[in-house]
Amino acid sequence: MSDSMRELYEETILDHNRRPRNFRHHPAGANRIAHGHNPLCGDELSLSLTVEDGVIKDIGFDGHGCAISTASASLMTEALKGKTVAEAEALFGKVHAVLTGANGNEIQSLGKLRVLQGVRGYPMRVKCASLAWHTLHAALAQQQDETISTE
Amino acid sequence: MSPLAENMSRTQPSAFDVERLRRDFPILDQQVHGHPLIYLDNGASSQKPLAVIEAIDHCYRHDYANVHRGVHTLSERATLAFEQARGKVQGFINAAGSEEIIFVRGTTEAINLVAQSYARPRLQPGDEILITEMEHHSNIVPWQLVCEQTGALLRVVPINELGELRLERYAELLNARTKLVALTHISNVLGTVNPVREIIDQAHARGVPVLLDGAQAIPHALIDVQALDCDFYAFSGHKLYGPSGIGVLYGKRALLEKMPPYHGGGEMIRTVSFEKTTYNDLPYKFEAGTPHIAGAIGLGAAIDYLNRVGMTAIAAHEQQLLTYATEALSTVKDLRIIGQARHKASIVSFVIAGVHPHDIATIVDQHGIAVRAGHHCAMPLIKRLGLPATARASFALYNTTEEIDRLVQALEIARKMLT
Ligand SMILES: Cc1ncc(COP(=O)(O)O)c(C=O)c1O
């Protein structure tokens, strides 16, 4: 197996795919909900957050997708718990920059989320990794329940 | 005997030497990610034999000019080659006349042509068009458009658990308001070979014409449009070992003659004045503008090639691959084949519990194996199956049982890695 393949299906990714964290978890008092959909793959994701005083108190996701999209959502929910909305938005910006190759230097500040960089070698799979993050962005930006699409 | 099998017996099987045939396809001789390429995405598009590549090359090197317009030598040669290609298509599908062969860009354009030129002027609000649950988007959306334009309704024949059409529901859905039946000959997802002869007979008994989407059927079986008695037959060159950008609409002459042109422009006219334009004869009435000249010639070369190999022999080889693949894939733990129809072509969709089809496609690609993953442009069908997506291996004349063994090995690796 090639190195880039090993990077794409990095051990942390495989682990989060097998045992996604905060999966099918519906936070009590959730007040930000968004649905993400990647029509090309059929991936679907719904994200629920409880935001109080500008802080993400709890977060969970549901849906179905490939290993990359599931692991990305799982890692994201883990990273966001306890973060302020502003911090979450900043993280979205960094991950987006890394996934799209716009700013590879951000990689150092991503911590555990670094494993997502493996998709950069697979242009067709970038959308898989970014679905959860776009859905987060929509959830934070809008008060309403909205569906977003990566298409 | 099924109509398909009946057709197949029209030509004699020839000695089929797959290793020799593989050498006719230069693209197959390469490594992908350090492994010999195994191309199992033929349902999306198939590879081209040298005969096709050389015919296109020859056209541009020696015989190229615009067709039907010049009196100079090159234009005459190009026109002759272009019209010979039409004749080859006519022979290949056994159409009654070459004027019934209309060159279009592909299956999609052929179906849109029928929707706009045949259906649209005839449809009244409340009329019905009957399609099936296993259609490709290109045999759904053109009808939805024409329904929006006319107030007609789209009705859908459901499938059973095996992935076959429910013919008893078809018989019920066919009624006095039905103005056209449009269905796929072979499903690009399930591999199902539909009993089109029976379906056509029932429609004709009510005076309803039938369009067959032959995109997937044309490379797998000998098609005889007169024996089928279909009214329209649509297919694409690129799935028949020919170029993309060229395809065919076959239509019965009597129907085509009554249809208005689809596009307006050059070639399709007889005389033009600002007051009135008179249209050209068939098939030119439907071929406005400069066509894909080299594409048609390449398609003709593909047909010559297939006639040399023999469609009967190809079909027999592919049926062996289908049987072998069905058995071999079933040995993969937690793998389920989607589409268990009794009559199938060499198209096998599958899912593996706990492994998403996209991960399958990415991982087997690392082993040099090209398969498709996704909804295969049949979202309503995939939804009906209750799946987000499937992986699909679709076999062509140049595939081998060894390649299937390698696929099975790669699938085991993917499964172990992800579960
Ligand atoms: C059953 C079926 N119909 C129609 C099409 C559309 O063909 P094209 O894209 O060549 O127009 C396809 C191609 O995928 C197909 O499989």
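Just so we're clear, the structure is a prediction, and the values are computed from it rather than from any experiment.

1. Observations regarding a negative patch on the surface
Taken together, the side chains of D17, E19, E402 and D405 of chain B make up a negatively charged region of the molecular surface. Here E402 of chain B shows up in helix α15 (residues 401-418).

2. Thoughts on the site of the ligand
Residues and elements named next belong to chain B. Every residue close to the ligand is listed here: T107, T108, H136, S138, T184, N188, D213, A215, Q216, S236, H238 and K239. A distance of 2.7 Å is found between an oxygen atom of the ligand and a side-chain nitrogen or oxygen belonging to Q216. Here the ligand loses 85% of its free accessible area of 400 Å² to cover by the protein chains. The class makeup of the residues in the shell around the ligand is one nonpolar, nine polar and two charged.

3. Considering the domain arrangement of chain B
All names here are of chain B. Its domain assignment divides chain B into domain 1 (3-47 + 310-418) and domain 2 (52-307). Between domain 1 and domain 2, the C-alpha centre-to-centre distance is 26 Å. On the domain 2 side, the residues contacting the 46 residues of domain 1 number 42 residues. Across the contact surface, domain 1 and domain 2 share three salt bridges. The shortest N-O distance in the salt bridge between E161 and R384 comes to 3.3 Å.

4. Regarding the interface of chain A and chain B
Chain A puts 20 residues into the contact, and the matching count from chain B is 14 residues. Applying the counting criterion to the chain A and chain B interface returns one salt bridge. A salt bridge links D359 of chain B to R125 of chain A, with the nearest nitrogen and oxygen atoms 2.8 Å apart. In this structure, the connection of chain A to chain B is made through ten residue pairs in polar contact (both at pLDDT 80 or more). Going through the elements one at a time, α1 (3-8), α2 (11-18) and α3 (67-80) of chain A are the ones with two or more residues in the side of chain A that touches chain B. In terms of residue count, the dominant contributor to the side of chain A that touches chain B is α2 of chain A (three residues).

5. Looking at the layout of surface pockets
Taken as a whole, the largest pocket spans an internal volume of roughly 600 Å³. Looking at the largest pocket, it is lined by 23 residues, and the ones nearest its centre are M124 and R125 of chain A together with H358, A361 and A373 of chain B. Elements that contribute at least two residues to the lining of the largest pocket include exactly α5 (126-141) of chain A together with α13 (357-365), β15 (369-370) and β16 (372-374) of chain B. Residue contributions to the lining of the largest pocket peak at four residues, all from α13 of chain B. A per-class count over the lining of the largest pocket returns twelve nonpolar, six polar and five charged. Space inside the second largest pocket adds up to approximately 490 Å³. Around the second largest pocket, the lining is made up of 31 residues, and of these H64, G65 and T70 of chain A together with G354 and H356 of chain B lie nearest the centre.

6. Considering the pairing of strand β17 (residues 390-394) of chain B
All names here are of chain B. For β17, a buried count of five out of five residues is recorded, marking the element as mostly surrounded by other parts of the structure. Every second residue of β17 is oriented toward a common face, with T390, R392 and S394 on one face and A391 and A393 on the other, all of them buried. Sheet topology places strand β14 (residues 347-352) next to β17; four bridges connect them, and they run antiparallel. Paired with I347 across the strands is S394, a residue of β17. Bridge count for β16 against β17 is three bridges, and the pairing is antiparallel. Pairing of G374 across the sheet is with T390, part of β17.

7. Digging into the packing of α13 of chain B against α15 of chain B
Residue and element names in this part refer to chain B. Look at α13 against α15: their axes get within 9 Å of each other, and the N-to-C directions meet at 125°. Overall, the two elements α13 and α15 adopt an arrangement that is oblique. For the element pair α13 and α15, the recorded crossing hand is right-handed. Two secondary-structure elements touch here, α13 through D359, I360, I363 and V364 and α15 through A410, L411, A414, M417 and L418.

8. Comments concerning the packing of aromatic side chains
Here the distance between the centres and the angle between the planes together describe a pair of aromatic rings. One pass over the structure, following the stated rule, counts nine aromatic pairs over all chains. Centroid distance F23 of chain A to F61 of chain A: 5.1 Å. Interplanar angle 50°. Geometry classified as tilted. Note that F23 of chain A is positioned in the loop between α2 and β1 (32-38) and F61 of chain A in strand β3 (residues 55-64), a separation of 38 residues in sequence. Judged by relative accessible area, which is 25%, F23 of chain A ranks as partly exposed. Its relative accessible area of 3% is what places F61 of chain A among the buried residues. By the ring-pair criterion, three or more aromatic residues cluster together here, those being F25, Y241, Y305 and Y398 of chain B.

9. Things to note about the nonpolar core
Membership of the largest hydrophobic core comes to 81 residues, with the highest contact counts inside it found for I93, V181 and Y233 of chain B. It is helix α11 (residues 293-309) of chain B that provides the largest number of residues to this core, a total of eleven residues. Other than its neighbours up to four places away in sequence, V181 of chain B contacts L130, Y170, L174, I199, A203, V208, P209, V210 and L211 of chain B. Counting residues in each nonpolar core, the second largest holds 76 residues, with M76, Y122 and A139 of chain A together with I38 of chain B among its members.

Rules behind the numbers
- Residues numbered from 1 in each chain as written.
- Chains lettered and ligands numbered in written order.
- Predicted model: local features only at pLDDT ≥ 70, side-chain atom pairs only at ≥ 80, totals over all residues.
- Heavy atoms only, no water.
- Patch = residues over 30% accessible without salt bridge, like charges linked within 9 Å, V, L, I, M, F, W, Y side chains within 5 Å.
- Areas by Shrake-Rupley, 256 points an atom, 1.4 Å probe, with all protein chains shown as cover.
- Salt bridge = Lys/Arg side-chain N within 4 Å of Asp/Glu carboxyl O.
- Lys, Arg positive; Asp, Glu negative; His and termini not counted.
- Charge placed at Lys NZ, Arg CZ, Asp CG, Glu CD.
- Helix = DSSP H or I, 4+ residues; strand = E, 2+ residues; numbered from the N terminus.
- Near = heavy atom within 4 Å.
- Polar contact = N/O pair within 3.5 Å; in protein donor to acceptor, adjacent residues only side chain to side chain.
- Nonpolar A, V, L, I, M, F, W, Y, C, P; charged D, E, K, R; others polar.
- Domains from an automatic or database assignment.
- Contact = heavy atoms within 4.5 Å.
- 1 Å grid on protein atoms, 1.4 Å probe; cavity = no way out; pocket = protein on both sides within 12 Å on 5 of 7 lines; lining within 4 Å.
- Points joined across faces, edges and corners; volume = space filled by probe spheres on them.
- Buried < 20%, exposed > 50% of the residue type's maximum accessible area, 1.4 Å probe, protein only.
- Pairing = 2+ DSSP bridges.
- Axes fitted to C-alpha atoms, helices over the stretch in contact; angles between N-to-C directions.
- Parallel < 35°, antiparallel > 145°, perpendicular 65-115°, else oblique.
- Left-handed = near helix turned anticlockwise from the far one by under 90°.
- Phe/Tyr/Trp six-rings, centres within 6.5 Å; stacked < 30°, edge-to-face > 60°.
- Core = buried A, V, L, I, M, F, W, Y, C linked by side-chain atoms within 4.5 Å.

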